[in-house]
Amino acid sequence: MRQAWVIAKREVRGLVSSPGGWLVLGTFWFVAGLLLVSLLFRFRDGTIALAQSGQLRTGESGLHVNDWVIRPLLYNLGTVLVLFVPLLTMRSFAEERRSGNLELLLSQPVRGADLVLGKFFGSMLGLALCLSVLVVHFAVLAAVTRPDWGATWVGLGGLLLLGLLFNAVGLWVSVLTRSQIEAGVLSLGALLLLVIGPGANAEGPNWTQSILGSFAILPRFEDFTRGLLDLGHVAFFGGVILILLAAALRSVDLVRWQG
Amino acid sequence: MSEPETTAGLGLPARDSRAAADDGRGNDSDVLIRASGLQKSYGPISAVRDLSFEVKKGEIVGLLGPNGAGKSTTLRMLIGFQYPDEGTVVLDGRDVYRDGARARRTLGYLPETLPLYVEMTVREYLDHFAALKGIGGGRGGGKSRAAVDRVLGELDLTAVENRACGNLSRGYRQRVGLAQALLAEPSILILDEPTAGLDPNQIQDFRRLIRDLGRERAILLSTHILPEALEICDRVLILNRGRIVASGRPDSLGDEDQILHLARIRLPEPPDPEARQRFGLTDAGHGQTYRLAHDLDRERARELLRYVAERSGEVLEWHVGASGLEASFRRLTLGEEVV
């Protein structure tokens, strides 16, 4: 496990020491900022409209910053991650394979599991760097409004779980190719399939829809953003992440068979 | 140690790969690399076929072969990066596929083209690999720092320790690669084309270093530079089409009669058919000049000289070619016959 952290540290270092890494981080922060500003304007306009019509109420039944700003912010950032996670993960294995570093890494006394976990932890820290901008956002919101922190933390936890699941998809895809571009495009395709695929909005009595629906990701994530902490959802995300990491480990083995 | 078998039809002291594995086991505890029955195919193409050999402590073994002979695949299987279809590799008593992480603790590996993390300085790069190798418990600190300081000194890298790896010359890159391989003081070194791309001075330094390192370690290096094998290897394995086709001391592979010649001669009259065939003479294109279609051994070359002199011909070019090892290498890997 210690070696996994050594690999993770190197991953983060590779991200923050490259202009491309900062471009990804900067663009994500910029997009997150734009989202916050637009949601704040919407919140202000809604408040003004209700006040003018005399329907503005305070307290539990009134307009709440969580409903109008934080929840849509987290939900939209979840969909934005579909675009950004492939940019974070596409290098991880594909570039190591292309450059020959994978060969050197696997000649070290490092287990395949440490390697995959190291890459995963590295991408997790990259994701945390991306989402660190929310500290600023929440500080601003805390200064001017009274957010429901419980619901906010649950939503943030859901966003992290969603990001980690996306990371695991990106890592797995990255093992399968030597080209960063291919890894990025394939990851994007896989993530789009996950969030807007047939399972995403499956509802109704039809048994196929209910099976597909049970694999839907966005409805579960939406529950988190609403502040609902469902342990079944946590187990679902955790289980899928573990399966994807196991698949990545198996694929590293496959690389060793293929050479 | 039993005498090596002879490769059929080649007249060389070559060992069948099984035989190579069987002999040389005078003291089993000295065997640090043991490859047994390695096979690897890429689809219908057999890259490595029934490859077996051993390398003992204090021995430097050269893996020779033309491009595509299976050298890189063999090395990759030895370090555990690639799985064989069949066979086993045991490094210092540990199976590299079953007990990989522990087996690789005894291993230092230098790939042909060293991939470096360009943003890291040389010291940071070595610190990173020291942590990966678990030196000092992987926490950095005293032992790790001492190991990095040691290899920086041994490989004369102290002057560039704070330079970014991306700004290093080829020679320094190779040194950094070797420093990485030596960090954990491994008992086994596997070096893939260690002197490729170095200038002549660097090559000499590197060969001297490898010889020094080989006193206490088992070293397997792949090369296609035959003088290098002659200079530093105690034993060579010649690989062709995935098989060991010859094995033995480099100076014992091939005999003195197999010195080759490249020649161009001018004769006043066209040579008779018998001479053409005997010396392999072909027209060189302009006015009664001829060249050799194939190499000649020393005796036949003398005969050719006599033939030219008797006919008052001229020798326009006359090059003593390769050493015995080179001749053997060409015969074994290209199927070229020395007449």
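Residues numbered from 1 in each chain as written. Chains lettered and ligands numbered in written order. Predicted model: local features only at pLDDT ≥ 70, side-chain atom pairs only at ≥ 80, totals over all residues. Heavy atoms only, no water.

**Student:** Looking at this structure, I do not really get the nonpolar core. What am I missing?
**Tutor:** Across soluble globular proteins, nonpolar side chains have a tendency to be buried as a group. Phe 53, Tyr 125 and Ile 190 of chain B are the most contacted members of the largest nonpolar core, which has 147 residues in total. A total of 13 residues in this core trace back to one element, the largest contributor, which is helix H8 (residues 149-175) of chain A. Not counting residues within four places of it along the chain, the set of residues in contact with Tyr 125 of chain B comprises Leu 104 of chain A together with Leu 114, Pro 115, Leu 116, Tyr 117, Met 120, Cys 165, Val 176 and Gln 180 of chain B. Core analysis: the next-biggest nonpolar cluster, separate from the first, contains 12 residues, Leu 267, Leu 292, Leu 296 and Val 308 of chain B among them. (Core = buried A, V, L, I, M, F, W, Y, C linked by side-chain atoms within 4.5 Å. Buried < 20%, exposed > 50% of the residue type's maximum accessible area, 1.4 Å probe, protein only. Helix = DSSP H or I, 4+ residues; strand = E, 2+ residues; numbered from the N terminus. Contact = heavy atoms within 4.5 Å.)

**Student:** Is there a simple way to think about the side chain of Gln 3 of chain A in this case?
**Tutor:** Along the polypeptide, Gln 3 of chain A turns up in helix H1 (residues 2-16). A residue is classified by how much of its surface remains accessible, and Gln 3 of chain A, at 13% relative accessible area, is buried. Not counting residues within four places of it along the chain, the set of residues in contact with Gln 3 of chain A comprises Pro 109, Val 110 and Asp 114 of chain A together with Ala 131, Leu 132 and Gly 134 of chain B.

**Student:** Is there a simple way to explain a nonpolar patch on the surface in this structure?
**Tutor:** Residues and elements named next belong to chain A. A surface patch of nonpolar side chains, about 370 Å² in accessible area, is lined by Val 135, Val 136, Val 140 and Val 144. For Val 140, the position within the fold is in helix H7 (residues 133-144). Under the relative-accessibility criterion, Val 140 is labelled partly exposed at 40%. (Patch = residues over 30% accessible without salt bridge, like charges linked within 9 Å, V, L, I, M, F, W, Y side chains within 5 Å. Areas by Shrake-Rupley, 256 points an atom, 1.4 Å probe, with all protein chains shown as cover. Salt bridge = Lys/Arg side-chain N within 4 Å of Asp/Glu carboxyl O.)

**Student:** Even after reading the chapter, I still don't get the sheet that holds strand S10 (residues 243-248) of chain B, so can you show me in this structure?
**Tutor:** Whenever strands of a sheet pair, they do so through backbone hydrogen bonds, lying parallel or antiparallel. Residues and elements named next belong to chain B. Overall, mixed pairing links the six strands, which are arranged S6-S7-S8-S3-S9-S10 in an open sheet. Unpaired on one side and paired on the other, strand S6 (107-110) and S10 mark the two borders of the sheet. Between one strand axis and the next, the sheet turns by 15° as a mean value, whatever way the strands run. On top of the sheet, helix H6 (residues 170-182) reaches S6 and strand S7 (188-192); it is set at about 165° to S6, its chief contact. Across the face of the sheet, helix H7 (residues 200-213) comes into contact with strand S3 (60-64), S6, S7 and strand S8 (218-223) while running at roughly 150° to S8. (Pairing = 2+ DSSP bridges. Axes fitted to C-alpha atoms, helices over the stretch in contact; angles between N-to-C directions.)

**Student:** Just to check I follow, could you spell out the domain arrangement of chain B for this structure?
**Tutor:** By a frequent convention, interface size equals the accessible area lost on bringing the separate parts together. Residues and elements named next belong to chain B. Its domain assignment divides chain B into domain 1 (16-248) and domain 2 (258-334). Using C-alpha coordinates to define each centre, domain 1 is positioned 41 Å away from domain 2. Contact with domain 1, which involves 12 residues of that partner, is made by six residues of domain 2. It is Leu 226, Leu 230 and Ile 238 that lose the most area in domain 1 upon contact with domain 2, and together they represent 52% of the buried surface on that side. At the junction of domain 1 with domain 2, the criterion picks out zero residue pairs in polar contact (both at pLDDT 80 or more). Where the side of domain 1 that touches domain 2 is concerned, the elements lending two or more residues are helix H8 (226-232), strand S9 (235-240) and S10. The element best represented in the side of domain 1 that touches domain 2 is S9, accounting for four residues. Here the side of domain 1 that touches domain 2 is built from residues that sort into 10 nonpolar, two polar and no charged. (Domains from an automatic or database assignment. Buried area = accessible area lost by both parts, 1.4 Å probe. Polar contact = N/O pair within 3.5 Å; in protein donor to acceptor, adjacent residues only side chain to side chain. Nonpolar A, V, L, I, M, F, W, Y, C, P; charged D, E, K, R; others polar.)

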